[in-house]
Amino acid sequence: MQVFRPLNAEEKAAVRAEKGDPRHYVDWYWRCTVKGCLTYYRHLNMSDRGTLPERFREEETAAGA
């Protein structure tokens, strides 16, 4: 089972950019915590999900190194 956490400010900005709306409500989005995973979804709505940009995978692996 995957563990998820709330998005941080940078991740929220990336989701807003992906959705094409700078006012898109992102406080209920969560990110997968498995190393290298870029999946995010809206809490209690797995059908509203997406993938963060690759730059977040690099940051995650760099932070874990």
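Predicted model only: the values in this text are computed from it and were never measured.

**Focus on the pattern of salt bridges**
Where charged atoms from two side chains of opposite charge come close, those side chains can pair.
Inference 1: In this structure the tally under the stated criterion is eight salt bridges.
Inference 2: Of the charged contacts in the structure, one is a salt bridge between E11 and R5, with a shortest N-O distance of 2.8 Å.
Inference 3: The class of E11 is buried, set by a relative accessible area of 1%.
Inference 4: Given the relative accessible area of 26%, R5 is considered partly exposed.
Inference 5: A salt bridge links R57 to E54; the nearest nitrogen and oxygen atoms lie 2.9 Å apart. Taken together, the residues span about one helical turn, with R57 and E54 both in helix α2 (residues 54-64) at a distance of three residues.
Inference 6: One network of salt bridges, with partners in common, ties together R5, E11 and R31.

Basis of the calculations
Residues numbered from 1 in each chain as written. Predicted model: local features only at pLDDT ≥ 70, side-chain atom pairs only at ≥ 80, totals over all residues. Heavy atoms only, no water. Salt bridge = Lys/Arg side-chain N within 4 Å of Asp/Glu carboxyl O. Buried < 20%, exposed > 50% of the residue type's maximum accessible area, 1.4 Å probe, protein only. Helix = DSSP H or I, 4+ residues; strand = E, 2+ residues; numbered from the N terminus.

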